[in-house]
Amino acid sequence: MSAAGTSEVVLASAGYDHTVRFWEALSGACVRTIQHNDSQVNKLAVSPDKRYLAVAGNPHVRLYDVQTTNPNPIASFDGHVGNVTAVGFQSAGRWIVTAGDDGTIKIWDLR
């Protein structure tokens, strides 16, 4: 996330309070929140182009566009049974890889 003409660094955090927070790194100010009402948040992953945030919970993964103010996920990945404990993007950003307490690894095509 960055405004025109700036190169701010924004960090994301989340946890058991069902809230994803975006922090401006230099000031420490919370600049945006997203309510993740499905469950606690187990893992976060930022896409290689820094446009998307994957939020892993129980049992879903939701994809948010961090370059907008839209608080709703733009995609949902369902298929795990129980907690999703790992999430990551393929280096070109075409796939998300997830793993869960159900003992499965899944590859999700973003195209």
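Look above for the structure.
Residues numbered from 1 in each chain as written. Predicted model: local features only at pLDDT ≥ 70, side-chain atom pairs only at ≥ 80, totals over all residues. Heavy atoms only, no water.

Novice: Please provide a residue-by-residue account of the sheet that holds strand β2 (residues 19-24), values included.
Specialist: Strands sit in the order β1-β2-β3 across an open sheet of 3 strands; the sheet is antiparallel. Among the strands making up the open sheet, the edge pair consists of β1 (10-13) and β3 (29-35). Averaged over all neighbouring strand pairs, the angle between strand axes comes to 20 degrees, with direction disregarded. In the sheet, β1 pairs with β2 via 4 bridges, with the strands oriented antiparallel. Opposite L11, over in β2, you have W23 as the bridge partner. (Pairing = 2+ DSSP bridges. Helix = DSSP H or I, 4+ residues; strand = E, 2+ residues; numbered from the N terminus. Axes fitted to C-alpha atoms, helices over the stretch in contact; angles between N-to-C directions.)

Novice: Describe the side chain of Q90, and please don't skip the residues or the numbers.
Specialist: Locating Q90 in the fold gives a position in the loop between β8 (84-89) and β9 (95-100). A polar contact of 2.9 Å, which involves the side chain of Q90, links it to the backbone nitrogen of R94. Contact partners of Q90, with chain neighbours within four places excluded, come to P48 and W95. (Polar contact = N/O pair within 3.5 Å; in protein donor to acceptor, adjacent residues only side chain to side chain. Contact = heavy atoms within 4.5 Å.)

Novice: Give me the side chain of R32: which residues, what numbers.
Specialist: Its location among the elements puts R32 in strand β3. The side chain of R32 sits in the buried core without any salt bridge; D65 is the nearest counter-charge, 6.6 Å away. A distance of 3.4 Å separates a polar atom in the side chain of R32 from the backbone oxygen of V66. Polar contacts involving the side chain of R32 include one to the main-chain carbonyl oxygen of N70, which spans 2.9 Å. (Buried < 20%, exposed > 50% of the residue type's maximum accessible area, 1.4 Å probe, protein only. Lys, Arg positive; Asp, Glu negative; His and termini not counted. Salt bridge = Lys/Arg side-chain N within 4 Å of Asp/Glu carboxyl O.)

Novice: Outline the sheet that holds strand β7 (residues 75-78), listing residues and values.
Specialist: Backbone hydrogen bonds hold the strands of a sheet together, and the pairing may be parallel or antiparallel. Taken in spatial order, the 4 strands line up as β4-β5-β6-β7 in an open sheet, and their pairing is antiparallel. At either end of the open sheet lies a strand with only one pairing partner, and these are β4 (43-46) and β7. Looking at each pair of strands side by side, their axes are set apart by 20 degrees on average, direction ignored. Bridge analysis of strand β6 (residues 60-65) against β7 gives 4 bridges, and the strand direction is antiparallel. The residue of β7 that forms the bridge with V61 is F77.

Novice: Tell me about the pattern of salt bridges, and name the residues and values.
Specialist: Note that side chains of opposite charge can pair when their charged atoms are close. Applying the stated criterion to the full structure yields 5 salt bridges. Residue R62 pairs with D38 through a salt bridge whose shortest N-O separation is 2.5 Å. Here R62 is found in strand β6, whereas its partner D38 is found in the loop between β3 and β4, with 24 residues between them in sequence. A relative accessible area of 12% means that R62 is categorised as buried. In this structure, the salt-bridge partner of D65 is R51, at a minimum N-O distance of 3.1 Å. Taken as a pair, D65 in strand β6 and R51 in the loop between β4 and β5 (52-56) lie far apart in primary sequence, 14 residues in all.

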